[in-house]
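# Examining the three-dimensional arrangement
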Amino acid sequence: MITYRTMMPNDIAEGIKLCRKAKWNQLEPEWQLFLKLGPEACRVATDHNQVVGTVTTIRYQDSFSWIGMVLVDPEYRRQGIGIKLLKEALQILQNEETVKLDATPQGREIYLKLNFVDEYSLTRMNCIVAADIVYQAKARPILKEDLPLLVEFDSEIFGAKRSDLLHWMWENAPQFAFLIEEENEIKGYSLGRKGHDFIHIGPVIAQNLSIAKDLVLAAMQNCAGHPLILDVLHFEPEWITWLKEIGFTEQRNFIRMFRGTNHFKGVPENQFAIIGPEFG
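Below or above, wherever it landed, is the structure these notes cover. Just so it is clear, the model here is predicted, and its values are computed rather than measured. (Residues numbered from 1 in each chain as written. Predicted model: local features only at pLDDT ≥ 70, side-chain atom pairs only at ≥ 80, totals over all residues. Heavy atoms only, no water.)

### Quick notes on the side chain of Asp231
Within the secondary structure layout, Asp231 lies in strand S11 (residues 227–233). Owing to a relative accessible area of 0%, Asp231 belongs among the buried residues under this scheme. A distance of 3.3 Å separates the side chain of Asp231 from the side chain of His200, its partner in a polar contact. The residues contacting Asp231, other than those within four sequence positions of it, are Thr123, Arg124, His200, Phe254, Phe272, Ala273, Ile274, Gly276 and Pro277. (Helix = DSSP H or I, 4+ residues; strand = E, 2+ residues; numbered from the N terminus. Buried < 20%, exposed > 50% of the residue type's maximum accessible area, 1.4 Å probe, protein only. Polar contact = N/O pair within 3.5 Å; in protein donor to acceptor, adjacent residues only side chain to side chain. Contact = heavy atoms within 4.5 Å.)

### Points about the pairing of strand S3 (residues 50–60)
With respect to burial, S3 is a largely interior element, nine of its 11 residues being buried. In terms of strand pairing, strand S2 (residues 43–47) meets S3 through five bridges, oriented antiparallel. Counterpart to Val44 in the pairing with S3 is Thr54. Where S2 hands over to S3, the hairpin turn is made up of two residues, of which His48 adopts a positive phi near 50°. Turn length for the S3-strand S4 (residues 64–72) hairpin, with the two strands adjacent in sequence and antiparallel, is three residues, and the turn residue Gln61 shows positive phi of about 55°. (Pairing = 2+ DSSP bridges.)

### A few points about the packing of aromatic side chains
Scanning the model with the defined rule gives 11 aromatic pairs in all. The interplanar angle of 15° and the centroid separation of 5.8 Å between the aromatic rings of Trp239 and Trp242 together place this pair among those described as stacked. Here Trp239 and its partner Trp242 are both found in helix H8 (residues 237–245), three residues apart, which amounts to about one turn of the helix. Take Trp239: its relative accessible area is 0%, and that puts it in the buried class. Site record: aromatic cluster; members linked through ring pairs are Trp31, Phe34, Trp168 and Phe279. One Lys or Arg, Lys84, reaches over the ring of Tyr4 and ends 5.6 Å from the middle of that ring. (Phe/Tyr/Trp six-rings, centres within 6.5 Å; stacked < 30°, edge-to-face > 60°. Lys NZ or Arg CZ within 6 Å of the ring centre and 35° of its normal.)

### A word on the packing of helix H2 (residues 28–37) against helix H6 (residues 163–172)
Between H2 and H6, whose axes approach to 11 Å, the crossing angle comes to 155°. By the criterion of interaxial angle, the relationship of H2 to H6 is roughly antiparallel. Viewed along their axes, H2 and H6 form a crossing whose handedness is right-handed. When H2 is examined against H6, the residues Pro29, Glu30, Leu33 and Leu37 are found in contact with a partner set consisting of Asp164, Leu165 and Trp168. Considering only residue class, the contact of H2 with H6 consists of five nonpolar, no polar and two charged. (Axes fitted to C-alpha atoms, helices over the stretch in contact; angles between N-to-C directions. Parallel < 35°, antiparallel > 145°, perpendicular 65-115°, else oblique. Left-handed = near helix turned anticlockwise from the far one by under 90°. Nonpolar A, V, L, I, M, F, W, Y, C, P; charged D, E, K, R; others polar.)

Given below as structure tokens:
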């Protein structure tokens, strides 16, 4: 019999095993962050005390909440565990006005049955960065003292304040953190993190396409010789065209979905890449 309970720190090792089976990119620090941001907000499915499924939730203040890391052991699929985990997450978030997630095309069919609706499309792009990449960056490294203003800049575009998450990203991978400003006003920034198979650059938040390009090129300098992914939005057609021109290819698609009012939409046109489907 499958049982469901709150995720605990000693479940992280099993969550990582599920990531590897699914060929997902997350490492232990991401799991630790989920439990730090919401100690009782994540759930696991177990069979005789063995973790066979996971789901995580994050509350972004009073704006909206997020569901991610819906993982089921391949040997336990097609038993309704995934949808039960989603219902567990929705129970945790029952008092939230809006719940969001990024769905695969296959997962979308399940989410539609749970009253989620489509918002917009995303595409995962990947490349192996040239070992000899050289770029004269307009962007500069993000400093700790930049973070308060960066969080405010980000919240207007993302639609919610995510201070803890952005601080965590900067602290764990400052080599991918870049900023462009004019007259002491932030015009765009990028962050990134290491993963099991790829370096993941995102978010990339910028006031225009030119700034987004500069930020990605600056981050790529510190990814030389490594595989790299970005999860990009489709609002600027020239963005995806340019990424293909510098060596990126399309890997797979996602659909941003929401359930509820979606009053806090942010400005998706200025979100050139997201952190990842697990965080939004």
